[in-house]
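Letter by letter, the chains look like this.
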Amino acid sequence: MEGQQEGEIGLLLHYQNGWLSCEVSDDGPGIDPTQLEAIFTKGFSTKGENRGVGLFLARQQIQNLGGDITVESEPGVFTQFFVHIPWDSERNIA
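Everything quoted here is computed from the prediction, not taken from an experiment. Going along each chain's sequence as written, the residues are numbered from 1 onward. Restriction of local features to residues with pLDDT of at least 70 applies here, the model being predicted, together with a cutoff of 80 or more for giving and counting side-chain atom pairs; totals for whole chains, interfaces and linings are based on all residues. The side-chain quantities take in all heavy atoms of the structure and omit both hydrogens and water.

Engineer: Looking at this structure, how should I read the sheet that holds strand 3 (residues 68-74)?
Structural biologist: One open sheet accounts for four strands, arranged 1-2-4-3; its pairing is antiparallel. Sheet topology places strand 1 (9-16) and strand 3 at the edges, where each strand pairs with a single neighbour. Adjacent strand axes in the sheet meet at a mean angle of 15°, parallel and antiparallel pairs treated alike. Each pair of strands is called paired provided DSSP finds at least two bridges between the two strands. Runs of H or I in DSSP of at least four residues are treated as helices and runs of E of at least two as strands, each being numbered from the N terminus. One ladder, built from eight bridges, connects strand 1 with strand 2 (residues 19-26); its direction is antiparallel. Pairing of Tyr15 across the sheet is with Leu20, part of strand 2. Every angle, taken between N-to-C directions, lies between 0 and 180 degrees, and every axis is a line fitted to C-alpha atoms, over only the stretch in contact when it is a helix.

Engineer: I'm lost on the pairing of strand 2 in this one. Help?
Structural biologist: Side-chain direction in a regular strand flips from residue to residue, so the side chains alternate between the two faces of the sheet. From the end of strand 1 to the start of strand 2, which pair antiparallel, there are two residues, and Asn17 there has a positive phi angle of about 50°. As paired strands, strand 2 and strand 4 (residues 78-86) are joined by eight bridges and run antiparallel to one another. Note on strand 4: the bridge partner recorded for Glu23 is Phe82.

Engineer: Where do I start with the nonpolar core in this structure?
Structural biologist: The nonpolar side chains of a soluble globular protein tend to be buried, and buried together. Joining through side-chain atoms within 4.5 Å is the link that ties buried Ala, Val, Leu, Ile, Met, Phe, Trp, Tyr and Cys residues into a set, and such a set is a nonpolar core. We call a residue buried when its accessible area falls under 20% of the maximum for its residue type, exposed when it is over 50%, and partly exposed in between, using a 1.4 Å probe and counting protein chains only. Judged by nonpolar contacts, Cys22, Ile31, Ile39, Phe40, Ile62, Ile69, Val71, Phe81, Val83 and Ile85 together constitute the single largest core of ten residues. When contributions to this core are tallied by element, the ones reaching two or more residues are strand 3 and strand 4. The element contributing the most residues to this core is strand 4, with three residues. Note on definitions: a residue-residue contact is assigned when non-hydrogen atoms from the two residues lie within 4.5 Å. Val83 has contacts with Leu20, Ser21, Cys22, Ile62, Asp68 and Ile69, leaving out every residue within four places of it along the chain.

Engineer: What exactly am I supposed to notice about the pattern of salt bridges here?
Structural biologist: Think of it this way: side chains of opposite charge can pair up when their charged atoms draw near. Salt-bridge detection follows one rule: a side-chain nitrogen of Lys or Arg within 4 Å of a carboxyl oxygen of Asp or Glu. In the structure shown here, the tally under the stated rule is one salt bridge. Put simply, Glu37 and Arg59 hold a salt bridge, and the shortest N to O gap is 2.6 Å. Within this pair, whereas Glu37 is found in the loop between strand 2 and helix 1 (54-64), its partner Arg59 is found in helix 1, the two being separated by 22 residues in sequence. Classification of Arg59 by relative accessible area gives buried; the value is 15%.

Engineer: Whenever I open this one, a nonpolar patch on the surface confuses me. Can you help?
Structural biologist: Excluding any residue in a salt bridge, patches collect residues exceeding 30% relative accessible area, merging like charges within 9 Å and nonpolar Val, Leu, Ile, Met, Phe, Trp and Tyr side chains within 5 Å. Every accessible area reported is derived by Shrake-Rupley at a probe size of 1.4 Å, with residue values counting cover from the shown protein chains alone. A cluster of nonpolar side chains, contributed by Ile9, Leu11, Leu13 and Val24, occupies part of the molecular surface with about 420 Å² of accessible area. For the nonpolar patch, the leading source of residues is strand 1, giving three residues. Within the fold, Ile9 resides in strand 1. On the basis of relative accessible area, Ile9 is assigned to the exposed category, the value being 63%.

The quantities given are spatial measurements derived from coordinates; they are silent on function.
Laid out in structure tokens, this is it:
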């Protein structure tokens, strides 16, 4: 949301049938459609060198738990990240 004076970030958590889901959304500048998959690549950044590890590590850890992370974005309108991980509510472990 860099460069914007105002904006909104939303967080929604939901549990159903053994899956914990999380949606993070914002009304920032969005992501270029040609870069949607690249943002999860180690070292990818639009902000300069020696960056670009956060989303790479997040996807790696989520997949290690048996889950997935996806993204949707419309430049100038919104970006939404969706995370789904299996969750054993009886034992409180992912």
